[in-house]
Amino acid sequence: TPQHAVTFGDLQEKQIEEVLWAFKDRVNDLKKDRRFRYILLFKNFGEAAGASLEHPHCQLIALPVIPKRVKEEVDGAKLFYDLKERCIFCDIIRQEAAGARLVTESERFTVIEPYAPRFPFETWVLPKRHQSHFEDSDAPTLQNLAWVMRATMRKIDHVLERPAYNFIVHSAPIQDEPLPHFHWHLEIIPKLTKVAGFEWGTGFYINPTPPEESARFLREAGLV
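Since the structure is predicted, the reported quantities are computational estimates derived from the model, not experimental observations. (Residues numbered from 1 in each chain as written. Predicted model: local features only at pLDDT ≥ 70, side-chain atom pairs only at ≥ 80, totals over all residues. Heavy atoms only, no water.)

Caption draft 1: Spatial organisation of the pattern of salt bridges. Applying the stated criterion across every chain, the model contains 19 salt bridges. With a shortest N-O distance of 2.6 Å, Asp 33 and Arg 35 are connected by a salt bridge. Arg 35 gets classed as exposed once you look at its relative accessible area, which sits at 61%. Between Glu 122 and Arg 118 there is a salt bridge, and its shortest N-O distance comes to 3.0 Å. On the basis of relative accessible area, Arg 118 is assigned to the partly exposed category, the value being 22%. Connected through salt bridges with shared partners, the residues Arg 26, Asp 29 and Lys 32 form a single ionic network. (Salt bridge = Lys/Arg side-chain N within 4 Å of Asp/Glu carboxyl O. Buried < 20%, exposed > 50% of the residue type's maximum accessible area, 1.4 Å probe, protein only.)

Printed below as a string of structure tokens:
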């Protein structure tokens with residue numbers, strides 16, 4: 001953005017939509033290079049989230065390997081699909097509809113505080129229509145996602161007083177065909193606690209805030 005002092009939630013819907021189109025266009029261009037196996041889209045905001053530049057920005061990194069974290073997520077979704085013959089993320093959307101962990105929803109997206117989150121106020125944005133690759137999103141989807149992202153970030157900024165955060169687009173590996181078992185989504189992680197020895201030593205996370213409570217705070221923020 002040419003504006004140095006804004007946050008993502010300060011941007012207008014159209015500006016956020018332009019960011020999302022840049023994501024889509026860059027991924028679709030880079031995936032033509034068969035050396036790349038995965039493209040990571042993310043944003044670090046604030047020093048605690050690892051941002052090295054104060055000027056608002058997002059990042060894209062194209063990798064020649066599929067990251068371990070991504071492989072575990074895709075493989076776990078495949079195990080569920082093989083057992084249930086359903087996408088686990090589609091199931092989550094159905095189960096969280098109008099529930100205590102629902103933050104907001106739109107025509108095309110559901111925003112939740114996931115069950116057993118790793119971090120306080122960890123927030124997931126899930127498209128209601130099953131699709132494994134973010135870069136296959138159509139224009140109405142990106143337009144609606146811009147509204148959802150602005151509304152969600154404004155809630156988080158208001159309730160948590162503009163925290164440092166990371167957001168990451170979770171998408172299927174770029175050289176894969178559309179996957180029936182994986183569902184792209186976006187995760188927002190405010191930096192409210194620190195990962196310390198217990199977490200590094202075990203891979204378990206201590207989260208003192210129930211997701212139902214986080215969702216209630218965000219719903220009651222009432223900002224759009």
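Caption draft 2: Here's a closer look at the packing of helix α1 (residues 13-30) against helix α4 (residues 139-160). The contact between α1 and α4 brings their axes to 8 Å, and the two run at 125°. Accordingly, the angle class assigned to the pair α1 and α4 is oblique. Handedness of the α1/α4 crossing: right-handed. Here Glu 13, Ile 16, Glu 17, Leu 20, Trp 21 and Lys 24 of α1 lie close against α4, whose contacting residues are Ala 139, Leu 142, Gln 143, Leu 145, Ala 146, Trp 147, Met 149 and Arg 150. Partitioning the contact of α1 with α4 into residue classes produces 9 nonpolar, 1 polar and 4 charged. (Axes fitted to C-alpha atoms, helices over the stretch in contact; angles between N-to-C directions. Helix = DSSP H or I, 4+ residues; strand = E, 2+ residues; numbered from the N terminus. Parallel < 35°, antiparallel > 145°, perpendicular 65-115°, else oblique. Left-handed = near helix turned anticlockwise from the far one by under 90°. Contact = heavy atoms within 4.5 Å. Nonpolar A, V, L, I, M, F, W, Y, C, P; charged D, E, K, R; others polar.)

Caption draft 3: Looking closely at the side chain of Thr 152. Structurally, Thr 152 is set in helix α4. Judged by relative accessible area, Thr 152 falls into the buried class, the value being 1%. Other than its neighbours up to four places away in sequence, Thr 152 contacts Thr 104, Val 111, Thr 123 and Ile 188.

Caption draft 4: The side chain of His 133, seen in detail. Relative to the elements of secondary structure, His 133 occurs in the loop between β5 (123-127) and α4. On the accessibility criterion, His 133 (1% relative accessible area) is buried. Residues in contact with His 133, not counting those within four places in the same chain, are Ser 171, Ala 172, Pro 173, Ile 174, Asp 176, Glu 177, Pro 178 and Trp 184.

Caption draft 5: Broad picture of the sheet that holds strand β7 (residues 185-190). Pairing in this open sheet of 7 strands is antiparallel, and the strands run β2-β1-β6-β7-β5-β4-β3 from one edge to the other. Pairing within the sheet leaves two strands with one partner each, and these edge strands are β2 (59-63) and β3 (102-105). The sheet shows a mean angle of 20° between the axes of neighbouring strands, taken without regard to direction. Two strands pair when backbone bridges link them, and strand β6 (residues 165-170) and β7 are joined in this way by 6 bridges, in the antiparallel orientation. When the bridges of β7 are listed, Tyr 165 appears paired with Pro 190. Set on the sheet, helix α6 (residues 211-221) makes contact with β3 and β5; between it and β3 the angle comes to about 40°. (Pairing = 2+ DSSP bridges.)

Caption draft 6: Expanded view of the packing of α4 against α6. The geometry of α4 relative to α6 is characterised by a closest axis approach of 9 Å and an angle of 105° between their N-to-C directions. Here α6 runs roughly perpendicular to α4, going by the angle between their axes. Residues Lys 155, Ile 156, His 158 and Val 159 of α4 pack against Phe 217, Leu 218, Arg 219 and Ala 221 of α6.

Caption draft 7: The packing of aromatic side chains, seen in detail. Counted by the stated rule, this structure contains 9 aromatic pairs. Their ring planes at 75° and their centres at 5.3 Å tell us that Phe 8 and Phe 167 sit as a pair that is edge-to-face. Of this pair, Phe 8 sits in the segment before α1 while Phe 167 sits in strand β6, and the two are 159 residues apart along the sequence. In terms of burial, Phe 8 and Phe 167 fall into one category: buried. Seen from their ring centres, Phe 109 and Trp 184 are 6.1 Å apart, and the 65° between their planes marks the pair as edge-to-face. Placement of the pair is Phe 109 in strand β4 (residues 109-112) and Trp 184 in the loop between β6 and β7, with a sequence separation of 75 residues. (Phe/Tyr/Trp six-rings, centres within 6.5 Å; stacked < 30°, edge-to-face > 60°.)

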